[in-house]
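Remarks on the overall topology
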Amino acid sequence: MTAPERAAGSPLVEVENLTVRFIGRDLDICVVNGVSFTLDRGSSMCILGESGSGKSVTLRALMRLFPPTARLQGAIRVDGVDVLALEENRLRQIRGGLISMIFQEPMTALDPVFTIGQQIAETLVYHEGISFRAADARALQLLELVQVPSARRRLEAYPHELSGGLRQRAMIALALACKPKLLLADEPTTALDATVQIQILLLLRELQRELGMATIFVTHDLGVACEVADKIAVMYAGKFVETGSVEQVIDHPRHPYTQGLMNSTIHADMRGVALDPIPGAPPDLTDLPAGCPFAPRCAAAREPCLAVQPELAVLEGGQQARCLQYAPGPAFSEAALLKAS
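On to the overall build of the chain, then. Assigned secondary structure in the chain consists of 13 helices and 12 strands. Here the C-alpha atoms of the chain give a radius of gyration of 21 Å, agreeing with the 20 Å that 2.2 N^0.38 yields for 341 residues. Principal axes of the C-alpha set define a box for the chain whose edges measure 70 × 55 × 45 Å. Within the chain, buried positions represent 50% of all 341 residues. Sequence-distant contacts, at least 24 apart, represent 64% of the contacts inside the chain between residues at least 6 apart. Of the roughly 16,700 Å² of accessible surface on the chain, a fraction of 52% belongs to carbon and sulfur atoms. Across the chain, 31 positive and 38 negative side-chain charges occur, with their mean positions spaced 4 Å apart.

Structure below.
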């Protein structure tokens with residue numbers, strides 16, 4: 001398939017049965033277990049879930065940002081590039097070029113001994129081969145694009161001299177420097193106050209539309225998901241347990257875990273109303289239960305849920321949910337239990 005045909009007829013991102021394991025002397029833990037999804041060009045996807053569910057690991061897998069102890073299996077293709085087959089030299093070329101990432105905490109992601117302008121310019125020189133003079137001019141344009149006030153003065157500032165909001169904007173400018181086709185954002189507003197969060201989210205959505213990028217956000221904040229996403233994937237214990245459009249997942253959640261997340265969320269009109277939190281805690285990934293990993297916390301769980309691992313069931317409108325109540329046939333029958341044993 002030629003590049004124009006690929007651009008017109010296939011998704012930008014294709015992930016098939018992705019598994020990520022971390023292996024150490026006394027450790028063998030599967031953090032992501034069989035994740036599959038596609039993302040079209042110019043679209044936005046949000047991965048939602050509690051801390052420890054595997055969201056950030058899934059995001060980093062798209063750029064292979066792991067130590068040697070990590071083992072990746074499955075398939076990851078971005079714009080036709082087989083990411084898992086690339087050697088290190090080629091990986092460095094697509095990081096920041098084809099794929100770029102906004103990290104959760106810019107203070108630790110930015111280099112403290114170089115100015116903001118130097119860090120942006122270095123990226124441009126490496127990926128595009130332009131002169132440092134031209135790169136400095138582009139860096140100024142990028143800071144202005146992300147609405148950094150007094151942008152020329154901020155070029156000479158070090159990360160510690162900027163506020164949290166300005167550091168995050170500088171991080172976004174750095175991520176956008178080489179016009180990536182895929183932008184990854186790992187909880188980009190977690191460390192910011194509510195007012196700055198809204199500004200950053202609106203800015204990212206505007207830039208996505210203006211530049212035609214596909215974006216994948218990782219968050220545990222339903223408000224962020226509603227603001228930036230076209231579709232949502234809910235993650236639990238290393239698997240997607242529900243996927244669908246924003247309207248489907250937020251307005252009509254089908255998986256008990258997603259329903260629990262909705263019930264645990266504070267809304268503006270909830271003064272005096274008690275929350276209905278999900279009981280218990282996320283499972284230990286080193287010792288997952290035999291059946292559905294959410295079953296010990298699920299009010300709707302039945303005996304088969306403790307023995308049968310459900311598959312993603314396709315529901316109306318393409319929405320998917322990984323729950324036995326949607327499995328075809330007698331999912332809660334004795335036959336299902338025998339099949340799992």
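What follows is about the sheet that holds strand β2 (residues 27–39). The sheet built from 4 strands is open, its strands ordered β2-β1-β4-β5 with antiparallel pairing. Each end of this open sheet is capped by a strand with a single partner; those strands are β2 and β5 (81–82). Sheet topology note: the strand β1 (residues 13–24)/strand β4 (residues 70–78) ladder contains 8 bridges and is antiparallel. Opposite arginine 21, over in β4, you have arginine 71 as the bridge partner.

We now examine the pairing of β1. The sheet contact formed by β1 and β2 spans 10 bridges and is antiparallel. Bridge pairing in β2 places valine 20 opposite valine 32. Linking β1 to β2, which pair antiparallel, is a turn of 2 residues.

A few words on the nonpolar core. By size, the foremost hydrophobic cluster in this structure holds 103 residues, and its most contacted members are Ile120, Leu182, Leu184, Ile216 and Ile232. Element by element, the count of residues in this core is highest for helix α8 (residues 164–176), at 8 residues. Apart from the residues within four sequence positions on either side, leucine 182 is in contact with Leu12, Val13, Leu39, Leu62, Val78, Leu98, Ile99, Ser100, Ala214, Thr215 and Ile216. Core analysis: the next-biggest nonpolar cluster, separate from the first, contains 5 residues, Leu315, Ala321, Cys323 and Tyr326 among them.

Considering the arrangement of structural elements, one finds proline 293 in the loop between α12 (256–263) and β11 (313–314). Along the chain, proline 293 and valine 308 lie 15 residues apart, while their C-alpha atoms are 9.9 Å from each other. Setting aside residues no more than four positions away along its own chain, proline 293 makes contact with Tyr236, Ala237, Pro283 and Leu288.

Before going further, it helps to examine the packing of aromatic side chains. The description of two aromatic rings rests on the distance between their centres and on the angle between their planes. In total, this model carries 5 aromatic pairs according to the counting rule given. Between phenylalanine 37 and phenylalanine 240 the ring centres are 6.0 Å apart and the planes differ by 40 degrees, which places this aromatic pair in the tilted class. One end of the pair, phenylalanine 37, is in strand β2; the other, phenylalanine 240, is in strand β10 (residues 239–245), and 203 residues separate them in sequence. The buried category is assigned to phenylalanine 37, whose relative accessible area is 8%. Ring geometry for tyrosine 236 against tyrosine 257: centres 4.6 Å apart, planes inclined by 55 degrees, an arrangement best described as tilted. With tyrosine 236 in strand β9 (residues 231–236) and tyrosine 257 in helix α12, the pair connects residues that are 21 residues apart, well separated along the chain. Here tyrosine 236 matches tyrosine 257 in class, with each residue buried. An aromatic cluster of at least three residues, connected via ring pairs, comprises Tyr236, Tyr257 and Phe294.

Now for the packing of helix α5 (residues 116–128) against α8. α8 packs onto α5 with a crossing angle of 15 degrees between their chain directions and a minimal axis gap of 9 Å. With respect to α8, the element α5 is oriented roughly parallel. Seen from above, α5 lies across α8 with right-handed handedness. In this structure, α5 uses Ile116, Gln119, Ile120 and Thr123 to contact α8, whose residues at the interface are Ala170, Ala173 and Leu174.

With that settled, the discussion passes to the pairing of strand β7 (residues 182–186). Of all 5 residues in β7, 5 are buried; the element is thus mostly enclosed. Neither face of β7 is exposed, since Leu182, Leu184 and Asp186 on one face and Leu183 and Ala185 on the opposite face are all buried. As paired strands, strand β6 (residues 99–102) and β7 are joined by 4 bridges and run parallel to one another. Residue isoleucine 99 lies in a different strand from β7, and its bridge partner there is leucine 182. Of the strand pairs in this sheet, β7 and strand β8 (residues 214–219) are connected by 5 bridges, and their pairing is parallel.

Unusually for a residue other than glycine, glutamine 147 sits at a positive phi of about 65 degrees. Its place among the elements puts glutamine 147 in the loop between α6 (132–145) and α7 (151–155). A residue is classified by how much of its surface remains accessible, and glutamine 147, at 46% relative accessible area, is partly exposed.

Rules of the game
Residues numbered from 1 in each chain as written. Predicted model: local features only at pLDDT ≥ 70, side-chain atom pairs only at ≥ 80, totals over all residues. Heavy atoms only, no water. Helix = DSSP H or I, 4+ residues; strand = E, 2+ residues; numbered from the N terminus. Rg over C-alpha atoms; globule rule 2.2 N^0.38 Å. Buried < 20%, exposed > 50% of the residue type's maximum accessible area, 1.4 Å probe, protein only. Contact = heavy atoms within 4.5 Å. Areas by Shrake-Rupley, 256 points an atom, 1.4 Å probe, with all protein chains shown as cover. Lys, Arg positive; Asp, Glu negative; His and termini not counted. Charge placed at Lys NZ, Arg CZ, Asp CG, Glu CD. Pairing = 2+ DSSP bridges. Core = buried A, V, L, I, M, F, W, Y, C linked by side-chain atoms within 4.5 Å. Phe/Tyr/Trp six-rings, centres within 6.5 Å; stacked < 30°, edge-to-face > 60°. Axes fitted to C-alpha atoms, helices over the stretch in contact; angles between N-to-C directions. Parallel < 35°, antiparallel > 145°, perpendicular 65-115°, else oblique. Left-handed = near helix turned anticlockwise from the far one by under 90°.

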